Amino acid sequence: MPTPFKKTPHPKERRLVFQNVDREGWSEDIGCYMENGGYEELRKALTMERTAIVNEVKASGLRGRGGAGFPCGVKWGFIKLDEPKPVYLICNADESEPGTFKDRYILHQDPHQLLEGMIISSFALGVHLAYIYIRGEFPTGAKILETAIAEARAKNFLGKNILGSGFDLEIYVHRGAGAYICGEETGLIESLEGKRAYPRIKPPYFPAVLGLYQCPTIVNNVETLCNIKHIVRMGGAEYAKIGKPNNTGTRVLCVSGDVREPGYFELEVGAVTMGELIYDLCGGMKPGRKLKAVIPGGSSAKVLRAGEKYKIKTKQPDGSTGEKEIGIEDIVMDFDSLAAVGSMAGSGGVIVMDDSRDMLWTLNNINEFYAHESCGQCTPCREGSLWMKKITERMLLGGGVERDPAVLKNVADNIAGRTICAFGEACAWPTQSFVAKFKEEFDSRAGKPVPPPMPPEYLPEELIGKEEAHA
Amino acid sequence: MSAPQMLNVQINGEWKQFPKGTRVIEACAQAGSYIPRYCYHPKLTSPGNCRMCLIEMGMPKMGPDRKPELGPDGRPVINWIPRPQISCAQDVAEGMGIRTDSPMAQECRRGVMEFLLINHPLDCPICDQAGECKLQEFSVEYGNGGSRFLEHKVKKPKKVAVGPRVTLDAERCVLCSRCIRFMKEVPQDDVLGFVDRGSYSTIAAHPNRQLDSNYSLNTVDICPVGALTSTDFRFKMRVWFLKETKSFCTSCATGCNTVIGSRQEVVYRQTPRENNEVNSVWMCDYGRLNFHYLHSERRLSRPAVKGEAAAWPAAIAKAAAELRSVPANEVAIIASGSMTNEELWLTKKLASVLNITLHDIVPHIEKGDDLLLSADRNPNTAGAKLLGVSSSKLAEIAQGVESGRIRVLLVLGEDAAGISLAKLKSLVTVGLLPSAATEKASVFLPSAGFAEKRGSMINVKGRLQRLNQAIQPPGEARDDWEILRDLIQAVSGANGVYAIEEVFRQMAEATPALAGLSLSKIGDLGVQLKLE
Ligand SMILES: Cc1cc2nc3c(=O)[nH]c(=O)nc-3n(C[C@H](O)[C@H](O)[C@H](O)COP(=O)(O)O)c2cc1C
Ligand code: SF4
Ligand code: SF4
Ligand code: SF4
Ligand code: FES
């Protein structure tokens with residue numbers, strides 16, 4: 001019997017949201033989706049009370065898959081049942097966090113799952129206009145979504161009086177223009193309104209209160225919205241049995257870097273440890289190489305160092321809490337455990353680095369990204385992100401001075417917690433963690449007691465050329 | 001109106017009360033703890049982008065009964081938020097705690113100051129803003145002595161004509177977006193924006209657009225640094241040399257309140273001054289720049305009789321003789337709506353002493369807008385009406401002059417309003433600049449411009465406002481009220497007054513709407529009159 005998957009899911013996987021990804025004989029058209037039971041949950045949801053659906057989502061314990069891990073039901077609870085203003089739903093398909101590549105597979109291979117999740121969510125939240133904000137670098141994904149929307153409308157899953165329920169909904173696809181900050185939900189909303197994606201200050205602009213066009217708006221990640229369909233199918237309580245308490249459901253982890261078999265794995269949250277993920281699911285480190293570091297939740301998550309010991313709280317059999325020391329391999333891959341070791345589950349992008357990696361180079365690479373992507377709106381992030389990049393770049397080129405590691409840390413400290421949006425933390429955490437955890441590597445590249453002479457910015461001839469061009 | 005609800009707020013350990021709706025940053029300033037800021041402007045929306053106003057904030061700790069827990073002093077115990085908060089975008093709330101000077105708040109300010117300076121060009125020695133620059137001021141108060149920045153600074157365009165009157169130095173810009181918000185929210189001409197990203201972000205006008213609004217120079221005023229400069233004022237004078245005189249703009253009937261910046265009898269700039277009853281904190285470019293004529297090379301500063309320079313006594317005597325040389329019904333006065341009340345009142349007095357009944361002002365109606373610029377370009381139409389100088393006789397006067405029925409004409413501060421003067425026996429003019437009228441004048445008397453004298457005017461909304469003297473009139477030119485007083489004296493032989501305060505007193509006694517007022521009682525913000 002031929003395997004139903006092009007790439008067989010690992011036995012430890014539990015495929016819910018990715019159940020159709022890479023399936024043999026699967027296609028993204030609505031026919032295939034419906035033959036496999038598609039849109040049945042929508043039919044079911046349309047017979048339910050709106051609050052009942054919201055309550056199922058609350059009961060499911062589903063936490064956002066976009067990065068922050070905020071409880072989805074709590075977020076939805078901010079929307080009043082009798083809200084007089086229009087309520088909007090936005091699917092965040094901007095997937096731009098380096099190391100993250102899960103949403104694109106859903107968009108490319110299973111667009112109807114997302115649409116079904118969005119239609120159910122819209123029904124529950126009283127939304128009649130929903131948007132999918134897709135990153136500009138996903139042109140194919142955008143086309144696939146457009147086709148899927150047309151198919152769904154032809155079948156009256158979208159449009160007026162959906163399946164005779166009296167519920168109306170339109171979904172529009174909006175393509176970004178290639179900026180990471182458009183993934184930040186309030187930046188996304190500004191962008192959708194046709195402006196620069198400058199994140200808004202919170203308070204007062206909490207999306208659920210003053211979102212798109214100053215109306216209540218729910219922004220959810222692609223994977224989060226797909227889960228809604230499964231919650232409606234199973235019921236919230238049943239869904240909550242998957243994974244662990246406060247870390248329910250499944251989660252797609254995207255592993256990249258120096259493992260033999262990188263890829264995506266949909267796992268019950270907390271089903272594996274870091275060690276199992278790397279050595280069992282990903283086939284271990286490349287030949288002859290040793291694990292050096294892991295960034296566990298997208299490039300902005302704080303780096304974890306191999307060999308480091310982490311103190312975590314454990315529940316003793318008698319109910320009291322004790323403390324245990326664990327190594328990096330023993331960290332459970334769930335929201336709370338990764339937070340407990342000082343990092344985060346973030347966007348699910350696990351970046352593995354072996355002993356051939358230069359941590360200064362790596363941090364500089366990350367710093368380059370954030371310096372390039374800072375929207376530039378608020379002072380600490382705008383100026384600090386480029387400053388950090390300039391320091392690591394100078395150090396890489398051999399110009400590191402003794403105080404550089406300390407300055408790097410202090411610059412990062414002056415950004416984190418002081419900015420408009422969480423990009424501030426996103427760009428500060430890598431620097432804070434790399435410099436602290438690989439101190440010797442940074443110190444050894446910061447040997448000069450005095451700053452080296454700066455390379456000339458312009459040669460004299462160039463300056464003369466500039467003068468003439470100005471005249 | 002009921003009194004606003006008062007809220008208890010703890011600022012740096014002391015409990016104070018503020019009306020509901022007070023912005024935290026304003027409450028702190030009122031309590032004597034000024035919080036530095038770049039992006040916040042009380043008349044614009046708050047984007048919270050500069051992060052200079054970060055402070056420590058807390059809310060009352062709630063007990064199990066959902067009521068605030070009280071401390072030994074009977075006041076709420078405050079739960080301090082571990083992250084710093086901006087103070088420019090939130091209103092005070094009951095029981096809120098604020099620390100503007102805690103180590104956290106100080107550390108935040110130092111950090112932001114450093115970030116703002118690392119890529120700043122530090123052009124202070126050649127920067128027009130120096131001396132009134134928030135970056136300079138806050139660096140002194142909150143910055144570090146030295147720099148830790150070893151890298152090359154970001155380079156940006158340094159001399160961009162973003163509009164006909166505004167020059168941008170993008171390197172000095174702290175990206176506070178005040179200019180963008182002003183253009184969008186006040187003149188509602190959304191012409192400015194940011195281009196590029198991160199530390200390379202730069203202010204620019206939208207493609208194919210210019211910052212050419214008649215309100216563009218307000219962006220220069222609110223720009224906290226020397227990024228936007230007035231092309232007119234650029235490199236002309238260091239601001240600390242400027243003498244500041246509170247006055248108002250006389251280029252239209254709105255009368256925006258101003259500060260005249262002058263040095264050594266030269267006006268260098270006019271900037272708006274806050275008056276929420278008149279102009280908020282703005283003024284239009286046209287009015288702001290309409291002072292260069294004071295220093296025009298063509299300015300007439302010597303009295304003249306038949307085109308020949310004359311001494312003042314002779315010129316006054318000659319003018320008085322001309323005014324009496326024909327019967328009163330063959331004399332007319334064309335006055336101006338840009339004369340002060342005091343001048344208008346003396347004009348009226350001159351007319352009555354001479355029994356002249358034909359007098360009027362020249363209307364100047366042009367296009368106005370919905371913001372400040374009034375279609376009436378006379379600053380004191382209301383005063384001319386109140387004091388009875390304006391009438392509806394201008395057409396009659398014109399016709400009389402052209403037909404030869406009127407043989408002597410006195411023109412005060414106006415051109416001949418297109419009237420053919422050929423048949424006049426004699427023409428007496430008072431003014432600043434050469435015109436068709438001054439050219440034909442039998443007697444010309446040079447007078448003072450708005451910055452060169454004191455006096456009052458009444459704006460389009462009936463607000464009595466006061467001009468203060470910033471500079472001396474040039475050469476032999478004299479204050480208009482003195483010229484008029486001398487003319488009255490010369491035609492009537494009566495003793496005149498010797499101080500403008502006295503003129504105002506007499507005028508106020510004779511004019512019910514001005515009863516009880518004096519020049520000094522008008523104050524810097526003017527007085528609303530009850531006019532019918
Ligand atoms: C700088 C930045 C970039 C982000 N990028 C994304 C993104 O690409 N995709 C995403 O789903 N969420 C992203 N987020 C998180 C969103 O702001 C938001 O929390 C999320 O979309 C909410 O959906 P969820 O609750 O379903 O996770 C980003 C956040 C920040 C601060
Ligand atoms: S933290 Fe960075 S990305 Fe976020 S608003 Fe500020 S400058 Fe923009
Ligand atoms: S903007 Fe201020 S700090 Fe900058 S150069 Fe001008 S005066 Fe100096
Ligand atoms: S030009 Fe001035 S007002 Fe405009 S953003 Fe820059 S610093 Fe602010
Ligand atoms: S003044 Fe508050 S952030 Fe700029």
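Residues numbered from 1 in each chain as written. Chains lettered and ligands numbered in written order. Predicted model: local features only at pLDDT ≥ 70, side-chain atom pairs only at ≥ 80, totals over all residues. Heavy atoms only, no water.

Peer 1: I'm lost on the overall build of chain A in this one. Help?
Peer 2: Looking only at helices and strands, one finds 18 helices and 13 strands in chain A. Its C-alpha radius of gyration of 24 Å places chain A within 12% of the 23 Å reference for a compact globule of 471 residues. In terms of its C-alpha atoms, chain A occupies a principal-axis envelope of roughly 75 × 70 × 50 Å. Evaluated residue by residue, chain A yields a buried proportion of 58% over its 471 residues. At a minimum sequence separation of 6, the contacts of chain A that also span at least 24 residues come to 69%. (Helix = DSSP H or I, 4+ residues; strand = E, 2+ residues; numbered from the N terminus. Rg over C-alpha atoms; globule rule 2.2 N^0.38 Å. Buried < 20%, exposed > 50% of the residue type's maximum accessible area, 1.4 Å probe, protein only. Contact = heavy atoms within 4.5 Å.)

Peer 1: Would you take a moment to explain the sheet that holds strand β19 (residues 408-412) of chain B for this structure?
Peer 2: To summarise the sheet geometry, strands pair through backbone hydrogen bonds and adopt either a parallel or an antiparallel arrangement. All names here are of chain B. On the basis of which strands lie adjacent, the open sheet formed by 7 strands has the order β16-β15-β21-β20-β19-β17-β18 and mixed pairing. Either end of the sheet is taken by a strand with one partner, and the two such strands are β16 (308-309) and β18 (358-361). Note that strand β17 (residues 331-335) and β18 share 4 bridges and pair parallel. By the bridge assignment, A332 is partnered in β18 with L358. (Pairing = 2+ DSSP bridges.)

Peer 1: Just to check I follow, could you spell out helix α11 (residues 274-281) of chain A for this structure?
Peer 2: Residue and element names in this part refer to chain A. Among all positions of α11, only M274, G275, L277, I278 and L281 are buried. For α11, the elements touching its buried residues are β7 (250-257), β8 (263-268), β9 (291-295), β10 (304-305) and β13 (349-354). In the stretch just after α11, G283 is the one whose phi turns positive, near 75°.

Peer 1: Please explain the packing of helix α15 (residues 404-415) of chain A against helix α2 (residues 103-118) of chain B as it appears in this structure.
Peer 2: In a pair of packed helices, the angle between the axes and the distance between the axes together describe the arrangement. Two elements in contact, α15 of chain A and α2 of chain B, have axes separated by 9 Å at closest approach and are oriented at 110°. What the angle tells us is that α15 of chain A and α2 of chain B run roughly perpendicular. Of the two elements, α15 of chain A crosses α2 of chain B, and the hand of that crossing is left-handed. Contacts from V411, N414 and I415 of chain A of α15 of chain A reach α2 of chain B at E107, G111, E114 and F115 of chain B. Across the contact of α15 of chain A with α2 of chain B, the residue classes break down as 3 nonpolar, 2 polar and 2 charged. (Axes fitted to C-alpha atoms, helices over the stretch in contact; angles between N-to-C directions. Parallel < 35°, antiparallel > 145°, perpendicular 65-115°, else oblique. Left-handed = near helix turned anticlockwise from the far one by under 90°. Nonpolar A, V, L, I, M, F, W, Y, C, P; charged D, E, K, R; others polar.)

Peer 1: Before we go on, may I ask you to explain the site of ligand 2 in this structure?
Peer 2: As a matter of local geometry, ligand 2 sits amid 13 residues, with C375, C378, C381, T419 and C421 of chain A nearest to it. The class makeup of the residues in the shell around ligand 2 is 8 nonpolar, 5 polar and no charged. (Near = heavy atom within 4 Å.)

Peer 1: I'm lost on the pattern of salt bridges in this one. Help?
Peer 2: Opposite charge on two side chains makes pairing possible when the charged atoms of those side chains draw close. A full pass over the atoms with the stated rule returns 74 salt bridges over all chains. A salt bridge links D334 of chain A to K244 of chain A, with the shortest nitrogen-to-oxygen separation between them at 2.9 Å. Of this pair, D334 of chain A sits in the loop between β12 (321-326) and α12 (335-340) while K244 of chain A sits in strand β5 (residues 243-244), placing them 90 residues apart in sequence. For D334 of chain A, a relative accessible area of 3% translates into the label buried. The partner of E330 of chain B in a salt bridge is R407 of chain B, with the nearest N and O atoms 3.1 Å apart. A residue pair is termed long-range when its members are at least 10 positions apart, and E330 of chain B in the loop between α7 (312-323) and β17 and R407 of chain B in the loop between α10 (394-403) and β19 qualify at 77 residues. (Salt bridge = Lys/Arg side-chain N within 4 Å of Asp/Glu carboxyl O.)

Peer 1: What is the right way to look at the confidence of the model for chain B in this model?
Peer 2: In low-pLDDT regions, the fine details of the predicted coordinates are not to be read closely. On average, chain B scores 96 in pLDDT, and the residues at 70 or more come to 100%. Here the predicted complex carries an ipTM of 0.94, next to a pTM of 0.95. (pLDDT = per-residue confidence, 0-100.)

Peer 1: Is there a simple way to think about the domain arrangement of chain B in this case?
Peer 2: Buried accessible area, meaning the area lost when the parts come together, often serves as the stated size of an interface. Along its sequence, chain B is organised into domain 1 (6-111), domain 2 (129-134 + 147-235) and domain 3 (304-528). A straight line from the C-alpha centre of domain 1 of chain B to that of domain 3 of chain B covers 56 Å. (Domains from an automatic or database assignment.)

Peer 1: Is there a simple way to explain the pairing of strand β6 (residues 96-99) of chain B in this structure?
Peer 2: Regular strands show a simple pattern: their side chains alternate between the two faces of the sheet. Residues and elements named next belong to chain B. In the sheet, strand β1 (residues 6-11) pairs with β6 via 3 bridges, with the strands oriented parallel. Following the sheet pairing, Q10 is matched in β6 by G97. Taken together, the 3 bridges between strand β3 (residues 54-60) and β6 define a ladder with antiparallel strand orientation. The partner of M57 across the bridge, within β6, is I98.

Peer 1: Would you explain the state of the cysteines in this entry?
Peer 2: As used here, a disulfide is simply a covalent bond connecting the sulfur atoms of two cysteines. Residues and elements named next belong to chain B. This model, assessed by the stated rule, comprises 0 disulfides over all chains. Residue C284 stays outside any disulfide, its sulfur separated by 6.3 Å from that of C249, the closest cysteine. Owing to a relative accessible area of 7%, C284 belongs among the buried residues under this scheme. (Disulfide = S-S within 2.5 Å.)

Peer 1: Any chance you could explain the interface of chain B and chain A here in plain terms?
Peer 2: At the junction of the two partners, chain B supplies 40 residues and chain A supplies 42 residues. Buried area between chain B and chain A, summed over both chains or domains, comes out near 3500 Å², and the portion from carbon and sulfur atoms is 54%. If you sort the residues of chain B by the area they bury against chain A, F115, H152 and R197 of chain B come out on top, with a joint share of 23%. Viewed at the interface, chain A and chain B are joined by 3 salt bridges. For R83 of chain B, the salt bridge identified is with E425 of chain A, shortest N-O distance 3.5 Å. On inspection of chain B and its partner chain A, the count reaches 16 residue pairs in polar contact (both at pLDDT 80 or more). Contributions of two or more residues to the side of chain B that touches chain A are made by α2 and β9 (192-195) of chain B. A total of 8 residues in the side of chain B that touches chain A trace back to one element, the largest contributor, which is α2 of chain B. (Buried area = accessible area lost by both parts, 1.4 Å probe. Polar contact = N/O pair within 3.5 Å; in protein donor to acceptor, adjacent residues only side chain to side chain.)

Peer 1: Sorry, what's going on with the pairing of β9 of chain A here?
Peer 2: Residues and elements named next belong to chain A. Most of β9 is tucked away: 5 of the 5 residues are buried. Both β9 and β13 contribute to a ladder of 4 bridges, which runs antiparallel. Bridging across to β13, V294 finds its partner in V352. Here β9 pairs with β10 via 2 bridges, running antiparallel. Bridge assignment links V294 to a residue of β10, and that residue is L304.

Peer 1: Looking at this structure, I do not really get the packing of helix α14 (residues 379-396) of chain A against α15 of chain A. What am I missing?
Peer 2: All names here are of chain A. Contact geometry of α14 with α15 gives a least axis separation of 9 Å together with a crossing angle of 160°. The orientation of α14 relative to α15 falls into the category roughly antiparallel. Handedness of the crossing formed by α14 with α15: left-handed. Seen from α14, the contacting residues are P380, C381, G384, S385, W387, M388, I391, T392, R394 and M395; seen from α15, they are D404, V407, L408, V411, A412, N414 and I415.

Peer 1: Can you walk me through the nonpolar core in this structure?
Peer 2: For soluble globular proteins, nonpolar side chains are generally found buried alongside one another. I90, F434 and F442 of chain A together with Y38 of chain B are the most contacted members of the largest nonpolar core, which totals 123 residues. Apart from the residues lying within four places of it in its own chain, the contact partners of F442 of chain A are M359, L360, L363, M395, P405, L408, F434 and V435 of chain A. By size, the runner-up hydrophobic cluster in this structure holds 63 residues, among which are V54, W76, L145 and V173 of chain A. (Core = buried A, V, L, I, M, F, W, Y, C linked by side-chain atoms within 4.5 Å.)

Peer 1: Explain the domain arrangement of chain A to me, please; I cannot follow it from the model alone.
Peer 2: Residue and element names in this part refer to chain A. Domains assigned within chain A are domain 1 (30-244), domain 2 (249-354) and domain 3 (359-470). Using C-alpha coordinates to define each centre, domain 1 is positioned 28 Å away from domain 2. On inspection of domain 1 and its partner domain 2, the count reaches 2 salt bridges. Joining domain 1 to domain 2, the criterion identifies 11 residue pairs in polar contact (both at pLDDT 80 or more). Residue assignment for the side of domain 1 that touches domain 2 shows that the elements contributing at least two residues are α9 (222-234) and β5. Of the residues in the side of domain 1 that touches domain 2, the class split is 5 nonpolar, 8 polar and 6 charged.

Peer 1: Is there a simple way to explain the packing of aromatic side chains in this structure?
Peer 2: The relation between two aromatic rings is expressed through the spacing of the ring centres and the mutual angle of the planes. Using the criterion set out here, one finds 23 aromatic pairs over all chains in the structure. On the basis of an interplanar angle of 75° and a centroid distance of 5.2 Å, the ring pair of F123 of chain A and F167 of chain A is categorised as edge-to-face. Taken as a pair, F123 of chain A in helix α6 (residues 111-125) and F167 of chain A in the loop between α7 (139-154) and β3 (170-175) lie far apart in primary sequence, 44 residues in all. Between Y38 of chain B and F138 of chain B the ring centres are 5.3 Å apart and the planes differ by 75°, which places this aromatic pair in the edge-to-face class. (Phe/Tyr/Trp six-rings, centres within 6.5 Å; stacked < 30°, edge-to-face > 60°.)

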